Amino acid sequence: MLDIGRKLQNLREAHGMSQRALARRAGISNALVSLIEKGKTCPFIASLKKILDSFPVELSDFFVPRPDAPPRTGVPRK
């Protein structure tokens, strides 16, 4: 399963952006960005689209596994 929060955090950090700056650019609350990154909430597609519009990333590309990502083992997460 895709970890949206972790992937978003990696994307944000790769672009040298703080949670606050991302929230401001996306027009959402800083708290929502934090909750998503911590895996405490899953964003609506509309919110995720607003967030990803802050980066050079298409919504569809966000869900494509990266070729350099470690292979999935099929072991359930705890």
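Whatever comes next refers back to the structure up there.
In this report, the structure presented in the accompanying data block is examined. (Residues numbered from 1 in each chain as written. Predicted model: local features only at pLDDT ≥ 70, side-chain atom pairs only at ≥ 80, totals over all residues. Heavy atoms only, no water.)

1. Some words on the nonpolar core
Line of reasoning, step 1. Counting residues in hydrophobic clusters, the biggest one holds 15 residues, and the most contacted among them are L8, L22, I28, I51, F55 and F62.
Line of reasoning, step 2. When contributions to this core are tallied by element, the ones reaching two or more residues are helix 1 (4-14), helix 2 (19-26), helix 3 (30-37) and helix 4 (45-52).
Line of reasoning, step 3. Filtering out sequence-adjacent residues up to four positions away, F62 remains in contact with L2, I4, K7, L8, L11, L48, L52 and V57. (Core = buried A, V, L, I, M, F, W, Y, C linked by side-chain atoms within 4.5 Å. Buried < 20%, exposed > 50% of the residue type's maximum accessible area, 1.4 Å probe, protein only. Helix = DSSP H or I, 4+ residues; strand = E, 2+ residues; numbered from the N terminus. Contact = heavy atoms within 4.5 Å.)

2. A few points about the pattern of salt bridges
It is possible for side chains bearing opposite charge to pair when their charged atoms get close.
Line of reasoning, step 1. Per the counting criterion, the structure on display carries four salt bridges.
Line of reasoning, step 2. Between D3 and R6 there is a salt bridge, and its shortest N-O distance comes to 3.5 Å.
Line of reasoning, step 3. Taking the relative accessible area as the measure of exposure, D3 reaches 26% and is therefore partly exposed.
Line of reasoning, step 4. Among the salt bridges present, the one from E37 reaches R12, with a minimum N-O distance of 2.6 Å. With E37 in helix 3 and R12 in helix 1, this pair connects stretches of sequence that are 25 residues apart.
Line of reasoning, step 5. R12 sits in the buried class, given a relative accessible area of 7%. (Salt bridge = Lys/Arg side-chain N within 4 Å of Asp/Glu carboxyl O.)

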